[in-house]
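# Working through the structure, step by step
The chain contents come next:
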Amino acid sequence: MKEDATQRNTQSPANGSGRHGEQALEILEALRADIIGGELTAGSLLRQQLLAERFGVSRMPIREALYRLEAEGFISFTPNKGAMVAPISAADLQEIYEMRVAAETLALRLAVPELTNAQIGRAEDLQIQMEEAPVAEFGSLNAAFHRTLLLPCARPRLLAHIENLENAADRYLRVTIATLDYAGKSHKEHRALLEACRRRDQNAAMDCLRQHIEEGGETMYRHLTENASK
């Protein structure tokens, strides 16, 4: 594919309208889920014609979805090959988690004074579900838990940025949850975060969240680097 960055930007989903925009979003979410879930592995080629046949659409919404996936870091465009699922890498993971720490602690600092008891209760309900759910559902419930506590920050751009980072992190998180005993530690840290939020202890909540994200990222980073060296 030879389109330059300027051409891609004019065809992004943000500029899509009507049915094509809706189709692009549906395709984006389906392909992202396939990549996160491992149905589409690193290096898999994403042929536009085959995708158009799979989803029963023209190539326009396919291109829009692929450009958005590229922006999110899930795929890359290779000369003479087209779109390809991006590899999992320790460097990518490190960047994602550094950005998550910065963005989520900022959002939580703004959110804690505005949190209601009902919102904290909703987060606790999600935590209970997470502790009882199968591994395959951990990522989506984990994201919903974090989102519930951060939503009162009332910063739409910041929350959209965090959502993109969580989507990117979910790909790594599923590998870690499936192969390491990480879920129990995560549950304990979530409980500590909830307690700090109940007290409306802004600093304690931010410390809990920072430690939770940093240690999760470090656990995944070690796992990736150790397996890469074998």
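Presented here is a report on the structure given in the accompanying data block.

Thresholds, definitions, all that
Sequence positions are assigned chain by chain, starting from 1 and proceeding in written order. Where totals are concerned, whole chains, interfaces and linings use all residues; where local detail is concerned, this predicted model gives features only for residues with pLDDT of at least 70, and gives and counts side-chain atom pairs only at 80 or more. With hydrogens and water set aside, each side-chain value is computed from the structure's full complement of heavy atoms. Nonpolar cores were defined as sets of buried Ala, Val, Leu, Ile, Met, Phe, Trp, Tyr and Cys residues, with membership established by side-chain atoms within 4.5 Å. In this scheme, a residue with accessible area under 20% of its type's maximum is buried, one over 50% is exposed, and one in between is partly exposed, where area comes from a 1.4 Å probe on protein chains only. Secondary structure is summarised from DSSP: a helix means a run of H or I of at least four residues, a strand means a run of E of at least two, and numbering begins at the N terminus for each. In this analysis, two residues are considered to be in contact whenever any of their non-hydrogen atoms come within 4.5 Å of each other. Paired strands, in this sense, are two strands between which DSSP finds at least two bridges. Helix span, as expected, comes to 1.5 Å for every residue beyond the first.

## Some thoughts on the nonpolar core
In terms of nonpolar packing, the biggest core is built from 40 residues, with Leu-108, Phe-145, Leu-149, Leu-193 and Cys-197 touching the most fellow members. Taken together, the elements giving at least two residues each to this core come down to helix H5 (90–111), helix H6 (117–132), helix H7 (138–150), helix H8 (156–179), helix H9 (183–198) and helix H10 (202–228). Discounting chain neighbours no more than four positions away, the residues touching Phe-145 are Ala-123, Leu-126, Gln-127, Met-130, His-190, Leu-193 and Leu-194. Counting 20 residues, the second largest nonpolar core, distinct from the first, contains Leu-40, Ala-65, Tyr-67 and Ile-75.

## Describing the pairing of strand S3 (residues 82–85)
Sheet topology note: the strand S1 (residues 45–46)/S3 ladder contains 2 bridges and is antiparallel. If you follow Leu-46 over to S3, its bridge partner there is Ala-83. As defined by bridge partners, strand S2 (residues 75–78) adjoins S3 across 4 bridges and the pair is classed as antiparallel. Its bridge partner being in S3, Phe-77 is matched across the sheet by Ala-83.

## With respect to the environment of Tyr-221
The topology assignment puts Tyr-221 in helix H10. Residue Tyr-221 is classed as partly exposed on the basis of its relative accessible area, which comes to 32%. A C-alpha to C-alpha distance of 8.9 Å links Tyr-221 and Ser-89, two positions 132 residues apart in sequence. If we ignore the near neighbours within four places in the chain, the residues touching Tyr-221 are Ala-90, Leu-93 and Gln-94.

## Looking at H7
Helix length check: H7 (13 residues) gives 18 Å between terminal C-alpha atoms against 18 Å at 1.5 Å per residue, within 8%. Buried residues dominate H7, accounting for 11 of its 13 residues. Within H7 the residues assigned to the buried category are Phe-138, Gly-139, Leu-141, Asn-142, Ala-143, Ala-144, Phe-145, His-146, Thr-148, Leu-149 and Leu-150.

## Regarding unusual backbone geometry
The phi dihedral of Asn-80 is positive, around 70°, even though this residue is not glycine. Relative to the helices and strands, Asn-80 is located in the loop between S2 and S3. Residue class for Asn-80 comes out exposed when judged on its relative accessible area of 76%. Even without a glycine there, the phi angle at Arg-200 is positive, about 55°. Relative to the helices and strands, Arg-200 is located in the loop between H9 and H10.

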